Amino acid sequence: MRPRSGLTLHLIFLVALCGAIYFPYLGNTPFFDKGEPREALAVQDIVQRGEWLFPLKRATAIPSKPPLFHWSAALVSELTGALNETTIRFPSALYATLGVLLIYVLGRTLYGPAVALLAGAILATTMVYSDQALSARVDMTLCFFLTLSLVLFYSLYSGFLAHRLWYFAFYFIVGIGTLAKGPLGILLPGLVVAGFLTIKRRWDLMVKFAFHPGAVLTLVLAGGWYGLAITRGGEGFVDRQLLQENLKRFFGGSGHSHPIYYYVPYLFSLGLPWSFFFPFLLWDLLKKSRTGGDDYLFLESWFVIMFVFFSLSAGKRPVYLLPIYPPLSLLLAHWIYQQNRSIGWRLLLYRTVAAVAVATAVVLLVISFGAIWNHEPGWFFGPIASLLKPKDRANLLLVQNAFDDFGAVFTVIVLVMALLWLALGRAFWLGETRWAALLMLGIAIVSGVVSRATVIPVIAADKSYREFVVALDRETAPEAQIYLFGEFNSDPVIFYHQKPMDVLEQPLAEMAKKVGAGTDYVIMPRQNWEEIEKIRPGLPPPILSSTGKGAEGDAPLVLVRAQVT
């Protein structure tokens, strides 16, 4: 048994870390992309219509994912009496925190408290993990249940959990995990377990896990809901959730198709800032895969099998890699604590990384001193903007204005970041990996907080329709008929309005005859309104115009009167 010294303090630290970098920002930004409002509508259907078994979007459309995340968010909304960004994102932050604690518990059992604490901190601050902890999407829910099922499996394999009821708990979690994002909840842990046991040639355990009575529990939980959903949704459900989101996504034909090497750069970009260590870690993984023991082999199998699976899938999105970072964080923490003072070629490579860190620090120092000299914290965005596309340039201008508003506070933060990067460069130059890891943690926390407190809210405000809908609800009576017209992502409009809206599918020329006066209202993109004005000059101006431009930044909306009914 490992000593239990510091257990409580470590758990408090990790909970406090997650509490500081996740939960304060759950309601900090309105919904502004395509994904979050889509999932929010399914949660809204549960809360408003009480449709827990088979929630729909807009009370009619079949959602693309099973309802475990939606159930979790709806439960939070019911308990708090609020249906908003905070309550809908809360399950992701909670599951992310529990996932960090799971990795800590597994790491403490395998490698001791010091490695476990670092692994939990690494996972909590890895860019893609912390981003998804604040996202109203299903990916963190899937990641947590995959992590829990594989931690349970290895605890059973290693004898850490001996009671036979733990086997049933394993199958129960796998079944529940299937309701997070479909068959992946069974397939991914099954591939990892089968791959690991095959490498170990434990055919006896392969048979035991494959034919254990608990497997019936998984089938009942997963198959039961899918069976009921098929009876309710019919062919539409089968096509949407089983064919398009699974078979077509893997074999091609449902979008997001990319080459097999697509995830290689994303492995590093999503793992920032910890990916500075990844080249050294992956090199040592290749050398140690046959000599690292069962613990090492299991974590490596978890990481490699999932990475290969997602790489072979035709449909790819960067966030799909999320479940590989829990084992990767534990492997990295253990690797860091195994490093002694480096010499030779490895020290040379460390010093290459040190040069990158120092260069980053120099840039930050130039930015901070330039801000002091010019009295404009965002001065450095000017040269950058000329290199960007118009849409990105617009986002950059928004961020620049936000930084200018922060004034001296921004300059102080940049100076602190510069000092951290300088210290990180020194640590890499000397080959002091543990000290580098502590500095990396500080950089991750500061940059994450700055991003969520300043950058993302500014971009969200420029794209979100929330304020437009708030103004719309003030302008119109509760019984007013409001319609949607034109091509734009209307999910956030419907969510914030809290009531379904009919979509008008008719030619622009026909719509032009109806607008201008009447008792009804129509929401449409400004571009459509400008085309209508060309057909019918002299129309009254729109009642409202949105400052938000939509997820793609190209669809500001207007509200006009019309006679539709």
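Residues numbered from 1 in each chain as written. Predicted model: local features only at pLDDT ≥ 70, side-chain atom pairs only at ≥ 80, totals over all residues. Heavy atoms only, no water.

Engineer: Would you take a moment to explain the overall build of the chain for this structure?
Structural biologist: Regarding its fold elements, the chain presents 24 helices and five strands. Here the chain holds 565 residues, and 52% of them are scored as buried. At a minimum sequence separation of 6, the contacts of the chain that also span at least 24 residues come to 75%. Surface accessibility of the chain: about 24800 Å² in total, with carbon and sulfur atoms responsible for 65%. (Helix = DSSP H or I, 4+ residues; strand = E, 2+ residues; numbered from the N terminus. Buried < 20%, exposed > 50% of the residue type's maximum accessible area, 1.4 Å probe, protein only. Contact = heavy atoms within 4.5 Å. Areas by Shrake-Rupley, 256 points an atom, 1.4 Å probe, with all protein chains shown as cover.)

Engineer: Could you clarify how one ought to interpret the sheet that holds strand β5 (residues 557–562) in this entry?
Structural biologist: Taken in spatial order, the five strands of this open sheet run β2-β1-β3-β5-β4, and their pairing is mixed. Strand pairing shows two members of the sheet lacking a second neighbour, β2 (502–504) and β4 (544–545), which therefore form its edges. The pairing of strand β1 (residues 482–485) with β2 spans three bridges and is parallel. Bridged to Phe 485 within β2 is Leu 504. (Pairing = 2+ DSSP bridges.)

Engineer: What's the story with the packing of helix α7 (residues 139–158) against helix α14 (residues 293–312) in this structure? I'm lost.
Structural biologist: The axes of two packed helices give the description: the angle between them and the distance between them. Running from N to C, α7 and α14 cross one another at 150 degrees; their axes reach a closest spacing of 12 Å. The angle between α7 and α14 falls in the class roughly antiparallel. The hand of the α7/α14 crossing is right-handed. Here α7 contributes Leu 146, Thr 147, Leu 150, Phe 153, Tyr 154 and Tyr 157 to the contact with α14, which in turn contributes Asp 294, Asp 295, Phe 298, Trp 302 and Met 306. Split by residue class, the contact of α7 with α14 holds eight nonpolar, one polar and two charged. (Axes fitted to C-alpha atoms, helices over the stretch in contact; angles between N-to-C directions. Parallel < 35°, antiparallel > 145°, perpendicular 65-115°, else oblique. Left-handed = near helix turned anticlockwise from the far one by under 90°. Nonpolar A, V, L, I, M, F, W, Y, C, P; charged D, E, K, R; others polar.)

Engineer: Sorry if this is basic, but what is going on with unusual backbone geometry here?
Structural biologist: Both trends apply: most residues other than glycine have a negative phi, and most peptide bonds are in trans. Cis peptide bonds are those with omega within 30 degrees of zero, and the linkage from Leu 272 to Pro 273 qualifies with -5 degrees. Mapping Pro 273 onto the fold places it in the loop between α12 (263–269) and α13 (278–288). Of note in this structure, Arg 201 is not a glycine but carries a positive phi near 55 degrees. Tracing the backbone through its elements, the reader meets Arg 201 in the loop between α9 (184–200) and α10 (203–210). Among the residues examined, Arg 201 registers a relative accessible area of 65% and is labelled exposed.

Engineer: Would you explain the environment of Lys 57 in this entry?
Structural biologist: Within the element layout of this structure, Lys 57 appears in the loop between α2 (35–49) and α3 (68–80). On the basis of relative accessible area, Lys 57 is assigned to the buried category, the value being 12%. Remark: the alpha-carbon pair of Lys 57 and Ile 46, spanning eleven residues in sequence, is separated by 9.7 Å.

Engineer: Mind showing me how you'd approach the pairing of β5 here?
Structural biologist: In the case of a regular strand, side chains alternate between the two sheet surfaces. In terms of burial, β5 is largely enclosed, as five of its six residues are buried. Pairing analysis gives seven bridges linking strand β3 (residues 515–525) to β5, with the strands arranged antiparallel. From the neighbouring strand, Val 522 faces β5, where its bridge partner is Val 560. Bridging between β4 and β5 involves two bridges; their strand directions are antiparallel. If you follow Ser 545 over to β5, its bridge partner there is Val 558.

Engineer: Looking at this structure, I do not really get helix α4 (residues 85–111). What am I missing?
Structural biologist: Structural remark: α-helix, 3.6 residues per turn; residues separated by three or four positions point the same way. Compared with an ideal rise of 1.5 Å per residue, which puts 27 residues at 39 Å, α4 spans 38 Å between its outermost C-alpha atoms and is within 8% of the ideal. At Pro 91, α4 shows its maximal bend, which comes to roughly 30 degrees. Along α4, 21 of the 27 residues are buried, which leaves the element largely enclosed by surrounding structure. By the N-cap criterion, in which a side-chain oxygen at the helix start approaches the backbone nitrogen of a residue two or three places on, α4 is capped by Asn 84, the distance to Thr 86 being 3.1 Å. Downstream of α4 by a residue or two, Gly 112 has a phi angle that is positive, lying close to 100 degrees. (Expected span 1.5 Å × (residues − 1). Bend = angle between axes of the 7 residues up to and from the residue. Polar contact = N/O pair within 3.5 Å; in protein donor to acceptor, adjacent residues only side chain to side chain.)

Engineer: Is there a simple way to explain the environment of Pro 500 in this structure?
Structural biologist: Relative to the helices and strands, Pro 500 is located in the loop between α22 (491–497) and β2. Given a relative accessible area of 60%, Pro 500 falls into the exposed group. When the C-alpha atoms of Pro 500 and Tyr 483 are compared, they prove to be 9.3 Å apart, with 17 residues separating the residues in sequence.

Engineer: Help me out: how do you make sense of the pattern of salt bridges in this one?
Structural biologist: Side chains that differ in sign of charge can pair as their charged atoms come close. All chains considered together, the criterion is met by twelve salt bridges. Taking the shortest distance from any N to any O, the salt bridge between Arg 466 and Glu 85 comes out at 3.1 Å. Of this pair, Arg 466 sits in helix α21 (residues 466–475) while Glu 85 sits in helix α4, and the two are 381 residues apart along the sequence. For Glu 85, a relative accessible area of 7% puts it in the buried group. Between Arg 466 and Glu 467 there is a salt bridge whose closest N-O contact spans 3.6 Å. Here the residues in one salt-bridge network are Glu 85, Arg 466 and Glu 467, joined through shared partners. (Salt bridge = Lys/Arg side-chain N within 4 Å of Asp/Glu carboxyl O.)

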